[in-house]
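# Close look at the chain arrangement
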Amino acid sequence: MTTTLEGKLIIIGGITGGIGSKLAARLQAAGATVTGFSRSGGTGDFGEVTPCDATDPAQLDAYFDQIIATHGKIDAYAHALGSIYLKPAHLTPPEDWNATLLQNLGSAFYALRACAKRMQGNSYGNLLFFSSAAAQVGIANHEAIAAAKGGIEAMVRSAAATYASRGLRINAIAPSLTATSLALSLIHISEPTRQAEI
């Protein structure tokens, strides 16, 4: 059975990233209208990409207000952004810990907050967040990022219970290390090889 997403508006946070851009291409191929934002904005395969810093709740509110003003609805949102931080706890400065939490868990919470406000009135909608395998199994030197991604999973479980009666389905997936530009130095795959395998 072929899935069609004709008429569905799907927003991707981090649409220019390795995961976000590939997800956008798949969704668009299935018929969805896909748009999104990234921290720096710019132009991509999906037209103009709005600059928006997801660690700033005011910027997210303004972005989603503009989406509603332009499209009238949001059918789904995917939060495909975050960071990788690999250091043992005793070598992690407080500022790096705080930045890792903000870039991953903080941005996810602010996106959930902004979307839930605007989507619950529709009585339907889907939100997807990205966790990490590091949140589920013990991997050395992942203390900060494991805590941040584990927080996303806990947030999603609670939010799924909160908003289920309002028609919102909220989920997280937890991939292992993925061959994106952000992770190339960790998995020792050259950029040309990665592109050839996609």
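Residues numbered from 1 in each chain as written. Predicted model: local features only at pLDDT ≥ 70, side-chain atom pairs only at ≥ 80, totals over all residues. Heavy atoms only, no water.

With that settled, the discussion passes to the packing of aromatic side chains. Following the criterion strictly, the structure yields seven aromatic pairs and no others. Taking the centre distance of 6.5 Å and the plane angle of 10° together, the rings of Phe37 and Tyr77 count as stacked. Here Phe37 is found in strand E2 (residues 33–38), whereas its partner Tyr77 is found in strand E5 (residues 76–79), with 40 residues between them in sequence. In this pair, the class of Phe37 matches that of Tyr77, namely buried. For the ring pair Phe109 and Tyr110, a centre distance of 6.2 Å and an interplane angle of 70° mean the geometry is edge-to-face. (Phe/Tyr/Trp six-rings, centres within 6.5 Å; stacked < 30°, edge-to-face > 60°. Helix = DSSP H or I, 4+ residues; strand = E, 2+ residues; numbered from the N terminus. Buried < 20%, exposed > 50% of the residue type's maximum accessible area, 1.4 Å probe, protein only.)

Of note, Leu5 is situated in the segment before strand E1 (9–13). On a C-alpha basis, the gap between Leu5 and Ala29 in space is 8.9 Å, while along the polypeptide they are 24 residues apart.

Okay, the nonpolar core next. Phe64, Tyr77, Leu127, Phe129 and Ile170 are the most contacted members of the largest nonpolar core, which has 27 residues in total. Of all the secondary structure elements, the ones that give two or more residues to this core are E1, helix H2 (57–71), helix H3 (94–119), strand E6 (125–130), helix H4 (143–163) and strand E7 (168–173). Element by element, the count of residues in this core is highest for H3, at seven residues. Residues contacting Ile170, with those up to four places away along its chain left out, are Leu112, Leu127, Phe129, Val156, Ala159, Ala160 and Tyr163. The next biggest cluster of nonpolar side chains, apart from the first, holds 14 residues, and it includes Ile12, Ala32, Val34 and Ala76. (Core = buried A, V, L, I, M, F, W, Y, C linked by side-chain atoms within 4.5 Å. Contact = heavy atoms within 4.5 Å.)

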